[in-house]
Every structure is written in C-alpha cells, then in structure tokens.
Amino acid sequence: MNGRGEGPGEPSLERSGRGKAPEPSGVDLARVALRAAKEQARARGAAAQQKKQARRGGGLRSGARADGRDPLPLGSAINRLITERGWETPAAVGGVMGRWPQIVGEDLANHCVPLRYDEDPVERVLTVQCDSTAWATQLRLLAPQLVARLNADLGQGTVRFIKVLGPGGPQRRFGPLRAPGSTGPGDTYG
C-alpha cells in the first residue's frame, strides 16, 4: 500500500482517469453566478417589455428592418399562399387552361376546350370537349403528343390521360304540349 488505499496491483485513481471531477474554484463559481444573474435579468426585461407593450395596446411594433409582418407585393403573397396550401399543381393546370391556344395551336383551340382536371394521384385526367366528332377524333389521335407536351410544361406525371368528349346532344326544351315529368315519346311504350 502506498498510503492512498491502493493495493500493489491496483492503479492509482489519478493515473487511470476515473477520479472525481475537480470542484469549481472561486472564479468558476463567480462565472456561473454571473451567467445565472444575466439570464434572470434578461427574462425580467423581456417580461417588462411585454407588459409595457400590452399597456400600449398591442403586440410587436414594426421597426426599421424587414420582418414577417411587413406587407408583401400581391404576386409574392399569392405565391406564398399557393405554396403553403399545396396548390402548385392545380395552379399550374389552371395556367395551362388559360394558355390552351398557345399549347395546342389556334385551330385545335377553336374547336376543343379543356373542361376540368382530375387531380386524383391515380388518374390525373384532363377532360377536353370538342365541338364536332371530327375534331374529337383528331384530338384522340394527338393525345399522346399532347400529354407529353403538357408534362414537359407542368412536370412529369402531372397529366396521365386526356379524356376527349364529343359534342353534346341538343338540349331538351319543354314545349307547350309536353306533360310534366315525361322523358319524350318513349315513355308511353313501356
């Protein structure tokens, strides 16, 4: 034994590095106390500032530097709203519907009109109505190229299929000799 309570084969605690942490000295204790006092003073100051602002009738005031409360230009505000709500794809498709003549050409745009876009992730269908069956057939033949052009403009996979509708039949008109609720001449035969 060497007087430190160690046996002949045991290493000393100082040499093994497993000893107690050194106790803080007077200077270290003063630094810790100063840091705690600064944090308490900062908290009291922030609380007093909030109380003063509440008495003056409001929260934060605008200052000389830009912050999140400053007014935005209309375009920036709309872009921020679109991004926050996740409306990027519907807004892009709406832009395509507005630029339909530039995308498909004037001839096709004069006879075919985009009606709606189904944003279902599985489907992603753009529905287009044509004013004649000839133009509907033409659009069905051009559909793969049109899908490729739309996906190049909007992002890959935005439109997977174009549903082409032909012209609708004539609208039913109620004449002077029509019974209410009838569906035409076929309803009397059975």
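All figures in this text were calculated on a predicted structure; none of them were measured in a lab.

Some remarks on the overall build of the protein
1) Next: Scanning the protein from N- to C-terminus turns up seven helices and three strands.
2) Next: Tracing the protein from N to C terminus, the helices and strands come up as α-α-α-α-α-α-β-β-α-β.
3) Next: Looking at the protein residue by residue over its 190 residues, the buried ones come to 17%.
4) Next: Across the protein, every contact between residues at least 6 apart in sequence was considered, and the portion connecting residues at least 24 apart equals 49%.
5) Next: A total accessible area of about 14,900 Å² is found for the protein, and carbon and sulfur atoms account for 56% of it.

A word on helix α7 (residues 133-154)
1) Next: A maximum bend of about 55 degrees is found in α7 at A143, where proline P144 lies one to four positions downstream.
2) Next: At the exit of α7 stands G155, carrying a positive phi of roughly 120 degrees.

Some thoughts on the nonpolar core
1) Next: Within the largest apolar cluster, 21 residues are counted, with the highest numbers of intra-cluster contacts made by L139, L146, L150 and I162.
2) Next: For this core, the secondary structure elements donating two or more residues are α4 (88-98), α5 (100-104), α6 (106-111), β1 (112-118), β2 (125-130), α7 and β3 (161-165).
3) Next: Top element by residues in this core is α7. It accounts for six residues.
4) Next: Apart from the residues lying within four places of it in its own chain, the contact partners of I162 are L126, V128, A143, L146, V147 and L150.

Some points on unusual backbone geometry
1) Next: Look at R124: it is not a glycine, yet its phi comes out positive at around 50 degrees.
2) Next: Owing to a relative accessible area of 25%, R124 belongs among the partly exposed residues under this scheme.

A short note on the side chain of T127
1) Next: Structurally, the position occupied by T127 is in strand β2.
2) Next: Once residues lying within four places of it in the same chain are set aside, the contact partners of T127 are V113, P114, L115, R116, K163 and L165.

Some details on the pairing of β3
1) Next: What you see with β3 is a clean split: I162 and V164 sit on the buried side and F161, K163 and L165 on the side with no burial.
2) Next: By the bridge criterion, five bridges tie β2 to β3 in an arrangement that is parallel. Within β3, the residue paired with L126 across the bridge is I162.
3) Next: With α7 bridging β2 and its parallel neighbour β3, the resulting β-α-β unit is right-handed.

Observations regarding the sheet that holds β3
1) Next: An order of β1-β2-β3 is seen for the three strands of this open sheet, with the pairing classed as mixed. Two strands lie at the open edges of the sheet, namely β1 and β3, each paired on one side alone. On average, each strand axis in the sheet is inclined to that of its neighbour by 25 degrees, with strand direction left out of account.
2) Next: Across the sheet, α4 lies against β1 and β2, angled at about 175 degrees from β1, the strand it touches most.

Let's talk about the packing of α4 against α7
1) Next: Viewed as axis vectors pointing N to C, α4 and α7 meet at an angle of 125 degrees, and their least axial separation amounts to 11 Å. Accordingly, the angle class assigned to the pair α4 and α7 is oblique. In this structure, the crossing between α4 and α7 has a hand that is right-handed. Contacts between α4 and α7 involve A92, V93 and V96 from the first element and L150, D153 and L154 from the second.
2) Next: Among the residues making up the contact of α4 with α7, the classes are represented as five nonpolar, no polar and one charged.

What counts and how
- Residue indices follow the written sequence of each chain, beginning from 1 at its first position.
- Side-chain atom pairs in this predicted model are given and counted only at pLDDT of 80 or more, local residue features only at pLDDT of at least 70, and totals for whole chains, interfaces and linings cover all residues.
- Computation of side-chain values: all heavy atoms of the structure, hydrogens and water removed.
- Helix and strand labels come from DSSP, where a helix needs a run of H or I of at least four residues and a strand needs a run of E of at least two; each type is numbered from the N terminus.
- The rule is simple: take the accessible area with a 1.4 Å probe, protein chains only, and divide by the maximum for that residue type; under 20% is buried, over 50% is exposed, in between is partly exposed.
- Should any heavy atoms of two residues lie within 4.5 Å, those residues are counted as being in contact.
- Surface accessibility follows the Shrake-Rupley procedure with a 1.4 Å probe radius. Residue values consider only the protein chains on display as shielding.
- What is called the bend at a residue is the angle between a pair of axes, fitted to the seven residues leading up to and ending at it and to the seven starting from it.
- Only buried Ala, Val, Leu, Ile, Met, Phe, Trp, Tyr and Cys residues count toward a nonpolar core, and they belong to the same one when joined by side-chain atoms within 4.5 Å.
- Strand pairing is defined by DSSP finding a minimum of two bridges between the two strands.
- With its strands directed away from the observer, a crossover is right-handed exactly when the path from the first strand over the helix to the second travels clockwise.
- In this description, a line fitted to the C-alpha atoms serves as the axis of each element, helices being fitted only across the stretch in contact, and the angle between N-to-C directions of two axes falls anywhere from 0 to 180 degrees.
- Note on terminology: angles under 35 degrees are roughly parallel, angles over 145 are roughly antiparallel, angles of 65 to 115 are roughly perpendicular, and the others are oblique.
- For any helix crossing, the convention is left-handed if the near helix is rotated counterclockwise from the far helix by under a right angle, and right-handed if that rotation is clockwise.
- Gly falls in the polar group here, along with every residue not listed as nonpolar (Ala, Val, Leu, Ile, Met, Phe, Trp, Tyr, Cys, Pro) or charged (Asp, Glu, Lys, Arg).

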